[in-house]
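Residues per chain, in single letters:
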Amino acid sequence: AADARNVESLTNLAVVMLETERAEDAATLLREALAIDPKHAASHYNLALILERRGEIQAAVQHYRRFIDNSGSDQAALAGEARRRAAALSEKIGP
């Protein structure tokens, strides 16, 4: 339970950092969260957004796919967005 709270706290702090243009710090926190819980969907999604902005397309696609694989029914709309983004990015990198 403590690890779950830590993951949520790290992810929430990362989102705040993203909103204040501190993407590098946010990416570090999201990676820390994923080291604790590799299946934490929100961390994968937010890290994918950062990687996409950086132009790290292949890594972004991987994290969007991990989000899709680990997202719950309450994240269905966001999973649809992640699928769309991953498909669009996959087209850029080819087969």
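On a predicted model such as this, the values are computed, not experimentally measured, just so you know.

Enquirer: Hey, could you go over helix H4 (residues 57-70) for me, with residue numbers and the actual values?
Expert: With 14 residues, H4 extends 20 Å between its outermost C-alpha atoms, agreeing within 8% with the 20 Å of an ideal straight helix rising 1.5 Å per residue. Of the positions making up H4, those classed as buried are Ile-57, Ala-60, Val-61, His-63, Tyr-64, Phe-67 and Ile-68. Looking straight down H4, one finds its buried side chains confined to an arc of 165 degrees; they lie on one side. Those residues of H4 that are exposed and angled more than 90 degrees off the buried face are Gln-58 and Asp-69.

Enquirer: Report on helix H2 (residues 23-36), specifying residues and quantitative values.
Expert: Compared with the 20 Å implied by 1.5 Å per residue over 14 residues, the 20 Å span of H2 between its first and last C-alpha is a close match. Taken together, the buried positions of H2 are Ala-26, Ala-27, Leu-29, Leu-30, Ala-33 and Leu-34. Buried residues in H2, looked at end-on, bunch into an arc of 165 degrees, giving them a common side.

Enquirer: Please give an account of the packing of H4 against helix H5 (residues 76-93) that cites residues and values.
Expert: At a closest axis distance of 9 Å, the pairing of H4 and H5 adopts a crossing angle of 150 degrees. By the angle between their directions, the pair H4 and H5 is classed as roughly antiparallel. Between H4 and H5 the crossing geometry is left-handed. Across from Ile-57, Gln-58, Ala-60, Val-61, Tyr-64, Arg-65, Phe-67 and Ile-68 in H4, the residues of H5 making contact are Leu-78, Ala-79, Ala-82, Arg-83, Arg-85, Ala-86, Leu-89, Ser-90 and Ile-93.

Enquirer: Give a detailed account of the pattern of salt bridges, specifying residues and quantitative values.
Expert: Pairs can form between side chains of opposite charge once their charged atoms are near each other. In total, this model carries six salt bridges according to the counting rule given. Between Arg-84 and Glu-81 there is a salt bridge whose closest N-O contact spans 2.7 Å. Note that Arg-84 and Glu-81 are positioned in helix H5 at a spacing of three residues, about one turn of the helix. A salt bridge links Arg-85 to Glu-81, with the shortest nitrogen-to-oxygen separation between them at 3.1 Å. Here the residue Arg-85 and the residue Glu-81 both occupy positions in helix H5, the gap between them amounting to four residues, near one helical turn. A relative accessible area of 21% means that Arg-85 is categorised as partly exposed. Relative accessible area serves as the criterion here: at 24%, Glu-81 is assigned to the partly exposed category. A cluster of three or more residues bridged by salt bridges with shared partners is formed by Glu-52, Glu-81, Arg-84 and Arg-85.

Enquirer: Summarise the nonpolar core; cite the residues concerned and give the values.
Expert: Grouped together as the largest cluster of nonpolar side chains are 28 residues, with contacts concentrated most on Tyr-64 and Phe-67. Contributing elements (two or more residues each) for this core: helix H1 (2-19), H2, helix H3 (41-54), H4 and H5. Among the elements that make up this core, the one with the highest residue count is H3 (seven residues). Not counting residues up to four positions away in its chain, the partners in contact with Phe-67 are Ala-41, Ala-42, His-44, Tyr-45, Gln-75, Leu-78, Ala-79 and Ala-82.

About the thresholds
Residues numbered from 1 in each chain as written. Predicted model: local features only at pLDDT ≥ 70, side-chain atom pairs only at ≥ 80, totals over all residues. Heavy atoms only, no water. Helix = DSSP H or I, 4+ residues; strand = E, 2+ residues; numbered from the N terminus. Expected span 1.5 Å × (residues − 1). Buried < 20%, exposed > 50% of the residue type's maximum accessible area, 1.4 Å probe, protein only. Arc of directions from axis to C-beta. Axes fitted to C-alpha atoms, helices over the stretch in contact; angles between N-to-C directions. Parallel < 35°, antiparallel > 145°, perpendicular 65-115°, else oblique. Left-handed = near helix turned anticlockwise from the far one by under 90°. Contact = heavy atoms within 4.5 Å. Salt bridge = Lys/Arg side-chain N within 4 Å of Asp/Glu carboxyl O. Core = buried A, V, L, I, M, F, W, Y, C linked by side-chain atoms within 4.5 Å.

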